[in-house]
Amino acid sequence: MIKFTKKYFFPLLSLLLISIQGCGGGDDGNTETPPVNNGNTDPSFLTSLSSYAFDDDSRETEILIRCARAFLSEQSCNLSEISPIGAGTLRATIPLSSITNRLLVSHSWMADSFIETLETIDNQELLNMFGSVNTIVISHDVLPSFYSPRTGSVYLNPSYLWRNVDEWATIDKKEDPRTDYGRELQMMGFSRFIDPTDKNRVTTSNRYSDENETRLSSEIAPGMFSLLVHELAHANDFLPPNSLLAIPNYGVFTDYLYAPNMVQNQLKQYWPLRSTTLKNLASVMFEGKTATDRLKEVTPLDAGRAFSDDGAAMMYGYSYYDSYGAEDVATLLEEVMMWIQYGAVSDVAFVRNPKNDSQDCADYVVKWGQRVRLADQNVRARADFVAQQILGRSVFIELQNLPAQPIELVTETDWCSSRTETDTLSQSVRTRAAIQRDDSGNNDFLDDYGPRK
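Just so it is clear, the model here is predicted, and its values are computed rather than measured.

Caption draft 1: Spotlight on helix α6 (residues 217-238). The end-to-end C-alpha distance of α6, which contains 22 residues, comes to 30 Å, matching closely the 32 Å that a straight helix rising 1.5 Å per residue would cover. Maximal helix bending in α6 amounts to about 30 degrees, located at G223. Summarising burial for α6: 21 of the 22 residues are buried, a large majority.

Right, here's the structure in full:
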């Protein structure tokens, strides 16, 4: 997730100087947008960090923390002190030890769970995506997760990693403020990843409850994988892997973020998203802008019809699109890698907005929806392009087992029921081990709304 506070987006050959926090973007030109990350621009943010690999008082730890916190004062990281993990190489194989050497946490259990989860995921392509990263931060006060191009770092919400009540108790309890956006609209955009054979969710809830008191690394892994692919897609978008060979050991990190190389700019050049209506709706839903009378009249069915042929993986891909397009890139890669890793497919839908903070899924009625969004030929082509730029290879072969087109979700039923009321996919669809967790009887379905990271 990204959120642009102060930004200066000059012509393509100029430097990209951006301050980012949370997942979002900004408008064209030199403007300021309100912070989304729940007030975390306060200097007290990220004060309790320690290094997994080094002593708290070591010079290495001091460098890591200084880089991780630099965006708070609109600074960048000094390349003479720290450079991206894969700097000076061309698509290097990144070992787990290189990642843990850049890991900062507020509590030791976060490092333990993070490393255990990466070992469980066991995906070298995911590890290689850390090559464009300076530091990895997991802290009790990070919500939502985000990537900062100013520091070249990812900041992860520890709710994805807790394993028991003691660990859950150390995490700050606050809601993502973006959940309040778009109340005046008629529609909401939902999405989830499911196993296409048994229709169970692939991810486990990040909320502690009587039904969800402990979690194994195998249960944590799918959700953490999805989060990491999303945030690391941002890192590899702003600093593509092919650019790492030229990173020197002097200057500041932002000196080497050049717009022409960015994946988002290439994607917008060849396969742009075109729906002005959805872009404007996204500015309300994810950026907190006030809805116009015209946007208030857009129905869920209207939004679904516009979305159907436009090539986005999720509604969140339209967030800050005209300024950057970074969320378009991240959601496309997320779709691809969740399919390759877990055989998971996405449900996307536009539902009726009850406008009353309802905790009852029956109030969230599907008016338009699709299963296996990645089966859409336009989405598939755009996703393969993103994979080629970030992973360095085509994923065409892996996508061959997808259906010929998306499957329509049952409409006029609630979002939770629609998960199991869709026709079963062909047995030719590959399924890998998925976590079987039912979403009935709780309100975790609300996590499916909008910016899920």
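Caption draft 2: Seen up close, the sheet that holds strand β4 (residues 103-105). Sheet architecture is open: 5 strands sit in the order β3-β4-β5-β7-β6, paired in mixed fashion. Because the sheet does not close on itself, it has two edges, and the strands there are β3 (50-51) and β6 (146-148). When strand β5 (residues 136-138) meets strand β7 (residues 153-156), the two strands line up parallel, connected through 3 bridges. From the neighbouring strand, I138 faces β7, where its bridge partner is L156. On the sheet, helix α3 (residues 108-121) packs against β4, β5 and β7 and is oriented at approximately 135 degrees with respect to β4.

Caption draft 3: Inspection of the environment of T204 at higher detail. Considering the arrangement of structural elements, one finds T204 in the loop between β8 (187-194) and α6. When its relative accessible area of 8% is taken as the criterion, T204 is described as buried. Separated by 11 residues in sequence, T204 and R215 place their C-alpha atoms 8.4 Å apart. Within the structure, the side chain of T204 is placed 3.1 Å from the backbone oxygen of E219, a separation counted as a polar contact.

Caption draft 4: Up close: the packing of helix α7 (residues 263-270) against helix α12 (residues 377-391). Direction vectors running N to C along α7 and α12 enclose 150 degrees, while the axes themselves pass 11 Å from each other. What the angle tells us is that α7 and α12 run roughly antiparallel. The two elements α7 and α12 meet at a crossing, and its hand is right-handed. Residues V263, Q266, L267 and Y270 of α7 pack against R382, F385, V386, Q389 and I390 of α12. Split by residue class, the contact of α7 with α12 holds 6 nonpolar, 2 polar and 1 charged.

About the cut-offs
- Residues numbered from 1 in each chain as written.
- Predicted model: local features only at pLDDT ≥ 70, side-chain atom pairs only at ≥ 80, totals over all residues.
- Heavy atoms only, no water.
- Helix = DSSP H or I, 4+ residues; strand = E, 2+ residues; numbered from the N terminus.
- Expected span 1.5 Å × (residues − 1).
- Bend = angle between axes of the 7 residues up to and from the residue.
- Buried < 20%, exposed > 50% of the residue type's maximum accessible area, 1.4 Å probe, protein only.
- Pairing = 2+ DSSP bridges.
- Contact = heavy atoms within 4.5 Å.
- Axes fitted to C-alpha atoms, helices over the stretch in contact; angles between N-to-C directions.
- Polar contact = N/O pair within 3.5 Å; in protein donor to acceptor, adjacent residues only side chain to side chain.
- Parallel < 35°, antiparallel > 145°, perpendicular 65-115°, else oblique.
- Left-handed = near helix turned anticlockwise from the far one by under 90°.
- Nonpolar A, V, L, I, M, F, W, Y, C, P; charged D, E, K, R; others polar.

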